[in-house]
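What follows is the residue order along each chain.
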Amino acid sequence: MWFLLVFFSALTFADTRSSDEKVVGVFYFKPLFGHVHQSSSRASASMTTIQCSHPVKVIESSKVSAAAEWAYVQVADHKGFILKDFLSEKRPDCIMGRYPKFFDAFNLDLSELYYWGRLNDQYLYGETRAP
Amino acid sequence: MINTFTGKLALLSFSFFMASGGWAQTEKLQEEKELEVVNFQSIKKVLQKDGLSESAVQKRKTTDILKKEQGVIERKRYFYPTEAELWGLVSEYWLVRNAQLLVWDFVKPDYGIEDSFRTIMEKLGFFQKKYKILLLNSPALVRASLPSDENEMILLLSVPFIRSLDLSKLEISLLLLEDYFRLEAEYFKKAVRTPKMSKLAGTNFQGSKPDPTMLEEVLKNYDQQVMRKGYTFQQQFEVTKKMDSYLKAHPELWNAYFRLLGKIDKFIKVNVQYKDYVRMYPSPEMQVKWLSPEEKVL
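Notes on the structure follow. Source: prediction; values computed, not measured.

**Concerning the overall build of chain B**
And then number 1: When helices and strands are counted, chain B shows 15 helices and three strands.
And then number 2: Considering only residue pairs separated by 6 or more positions, chain B has 67% of its internal contacts joining residues 24 or more positions apart.

Written as structure tokens, this is what we have:
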């Protein structure tokens, strides 16, 4: 009986290991609001909305393929995709962190949070070079 | 009833008399008091010798400093953002609130506009400029430039307008360049800034709630400026002349800009859907005249 218990525990352990996922590191979300996407496309559905400075686990897995500019991430129970440009190794200095009481007064509803996240997906970003 | 009351009064008087007597008995003698002082002084000396009273003073000082610092940190939480920090926030909030009207949340092909605009900006010598281009799937707003964070701008452009005019990437970039010059001249900021915004930005509101009317007033001015008011003839003249002076060194760009204005002029005169364009950006016809060389009278 005891032997069987050990055997099945070992099987369970083997199963979790086979998912082949490795946490690369913890990064922080840079824009004000954004989405964890279902697939590596700006137009793909949102799994959850996160805000600036939210910690994000970046995962590597041979089973998940994503476009070069996307990171495969885990946020709480959700596993999805975020643009690499939106992630920072250091905790960013967010406006809602600098002015928390002012920001509280915004009282953003769910729809506004969603659209603010989408706005950052829809922008075409650009910057001219240094002289 | 009266008898009961008299009895209670007597009992009360007796208790008071006894209590007074008791107090008189427990009152300390002068010598006793003096002795206490002496004892305290001797204890104090011992305390001083041990350095305990010094450490108490030090502890009080540390507590005071910590309390003061905590107060400063708490106070910092109650600031309005500075005006420079407010622009980006308000512009994005306005875009979020008008998402359904402007229809910017849509799937679009990669037009490569951001790269083409970068090329022109760099060609004209505008370096380290950040921009966010937002394409709109609606003719409700043809174009606009909104202030953002420091050294950054938000440029809006209608895809149906681009398609109807069949604009090239170069022409689109020239339109964006015009909008960049408008933003640089701060016409927009001057038009939407309210006295309340100037007064409250960067100030502290600890002990009260942030004034919600500050944002609402500015957002209302955004609606007015972007959707109805637009720019004056004088402002358009200044922008056109600025485009003229920057593009003169690059004849291919100047010619493309001149042709573009003519194209827009013809298009809006026959297309009812864009009849408001002339009111917002007066006027492509005048812009062509301002750019045209003066006719010589023989």
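**A look at the packing of helix α4 (residues 83–97) of chain B against helix α11 (residues 212–229) of chain B**
Angle between the axes and distance between the axes: these two values describe a pair of packed helices.
Residues and elements named next belong to chain B.
And then number 1: Axis separation between α4 and α11 bottoms out at 10 Å; the angle between their running directions is 70°. Relative to α11, the element α4 lies roughly perpendicular. Between α4 and α11 lies a crossing of right-handed hand. Together, V90, W94 and R97 of α4 and L215, V218, L219 and Y222 of α11 make up the contact between the two elements.
And then number 2: Its residues assigned to classes, the contact of α4 with α11 shows six nonpolar, no polar and one charged.

**Some remarks on helix α13 (residues 251–270) of chain B**
Since the α-helix advances by 3.6 residues per turn, residues separated by three or four positions end up pointing in the same direction.
Residues and elements named next belong to chain B.
And then number 1: Taking 1.5 Å per residue as the helical rise, α13 with its 20 residues ought to reach 28 Å, and the 29 Å between its terminal C-alpha atoms agrees with that figure.
And then number 2: Residues of α13 that are buried include every one of L253, Y257, L260, L261, I264 and I268, and no others. The arc enclosing the buried residues of α13, seen along the axis, measures out at 100°, which places them on a common side. Counted as exposed and oriented over 90 degrees from the buried face of α13: P251, E252, N255 and V270.
And then number 3: On its buried face, α13 is in contact with α7 (159–165), α8 (169–184), α12 (233–247), α14 (277–280) and α15 (284–291).

**Brief notes about the interface of chain B and chain A**
And then number 1: Contacts between the two partners involve 32 residues from chain B, matched on the other side by 22 residues from chain A.
And then number 2: Among the elements of the structure, α4, α6 (113–123) and β1 (130–136) of chain B are those that each provide at least two residues to the side of chain B that touches chain A.
And then number 3: Here the side of chain B that touches chain A takes six residues from α6(B), the largest share from any one element.
And then number 4: Here the side of chain B that touches chain A is built from residues that sort into 20 nonpolar, one polar and eleven charged.
And then number 5: Relative to β1(B), strand β8 (residues 124–127) of chain A is paired through four bridges, and the arrangement is antiparallel. The residue bridging G126(A) from the neighbouring strand is Y131(B), located in β1(B).

**Considerations on the packing of α6(B) against α8(B)**
All names here are of chain B.
And then number 1: At a minimum axis separation of 9 Å, α6 and α8 run at an interaxial angle of 65°. Put simply, α6 runs roughly perpendicular to α8. Handedness of the crossing formed by α6 with α8: right-handed. Counted together, I113, S116, F117 and I120 of α6 and K169, L170, I172, S173, L176 and L177 of α8 form the full contact between these two elements.
And then number 2: Classifying every residue of the contact of α6 with α8 gives seven nonpolar, two polar and one charged.

**What to know about the pairing of strand β2 (residues 143–147) of chain B**
Residue and element names in this part refer to chain B.
And then number 1: Most of β2 is tucked away: five of the five residues are buried.
And then number 2: Side-chain alternation along β2 places R143, S145 and P147 on one buried face and A144 and L146 on a second face that is also buried.
And then number 3: Summarising the sheet, β2 and strand β3 (residues 152–158) pair through five bridges and their orientation is antiparallel. Bridged to P147 within β3 is M153.
And then number 4: Hairpin connection of β2 to β3: four residues between the antiparallel strands, including N151 at a positive phi of 65°.

**Things to note about the pairing of strand β2 (residues 33–37) of chain A**
All names here are of chain A.
And then number 1: Within β2, five of the five residues are buried, which leaves the element mostly enclosed by the surrounding structure.
And then number 2: In the sheet, β2 pairs with strand β3 (residues 46–51) via five bridges, with the strands oriented antiparallel. Within the sheet, the bridge partner assigned to F33 lies in β3 and is Q51.

**What to know about unusual backbone geometry**
Residue and element names in this part refer to chain A.
And then number 1: A positive phi angle, near 80°, is found at S53, a position not held by glycine.
And then number 2: Mapped onto the secondary structure, S53 falls in the loop between β3 and β4 (55–61).
And then number 3: For S53, a count of 16 C-beta atoms within 10 Å puts it in the partly exposed group.
And then number 4: At A76, a position not held by glycine, the phi torsion is positive, near 55°.
And then number 5: Looking at where A76 falls in the secondary structure, it is placed in the loop between β5 (70–75) and β6 (78–83).
And then number 6: Since 11 C-beta atoms lie within 10 Å of it, A76 is described here as exposed.

**Points about the nonpolar core**
And then number 1: Ranked by internal contacts, the top residues of the largest apolar core, which has 82 residues, are I82(A), V90(B), L155(B) and L157(B).
And then number 2: Residue contributions to this core peak at eight residues, all from α4(B).

Rules used in this analysis
Starting afresh in each chain, residues are numbered from 1 along the sequence in its written order. Each chain takes a letter, starting from A, and each ligand takes a number, starting from 1, following the order in which they are written. Restriction of local features to residues with pLDDT of at least 70 applies here, the model being predicted, together with a cutoff of 80 or more for giving and counting side-chain atom pairs; totals for whole chains, interfaces and linings are based on all residues. Runs of H or I in DSSP of at least four residues are treated as helices and runs of E of at least two as strands, each being numbered from the N terminus. Contacts here follow a simple rule: the backbone-placed C-beta atoms of the two residues must lie within 7 Å. Axis angles are defined between N-to-C directions and span 0 to 180 degrees, where every axis is a line fitted to C-alpha atoms and, for a helix, only to the segment in contact. Any angle from 65 to 115 degrees is called roughly perpendicular, while one under 35 is roughly parallel, one over 145 is roughly antiparallel, and all others are oblique. By definition, turning the near helix anticlockwise from the far helix through less than a right angle yields a left-handed crossing, and turning it clockwise yields a right-handed one. By the convention adopted, Pro, Cys, Tyr, Trp, Phe, Met, Ile, Leu, Val and Ala count as nonpolar, Lys, Arg, Asp and Glu as charged, and the other residues, Gly among them, as polar. Helix span is expected to be 1.5 Å times the residue number reduced by one. Residue burial is a threshold on neighbouring C-beta atoms within 10 Å of the residue's own C-beta, all placed from the backbone, with 20 or more meaning buried, 12 or fewer meaning exposed, and counts in between meaning partly exposed. This arc is taken over the directions from the axis of the helix to the C-beta atoms. Any two strands are treated as partners once DSSP identifies two or more bridges connecting them. A set of buried residues qualifies as a nonpolar core if it consists of Ala, Val, Leu, Ile, Met, Phe, Trp, Tyr and Cys joined through C-beta atoms within 7 Å.

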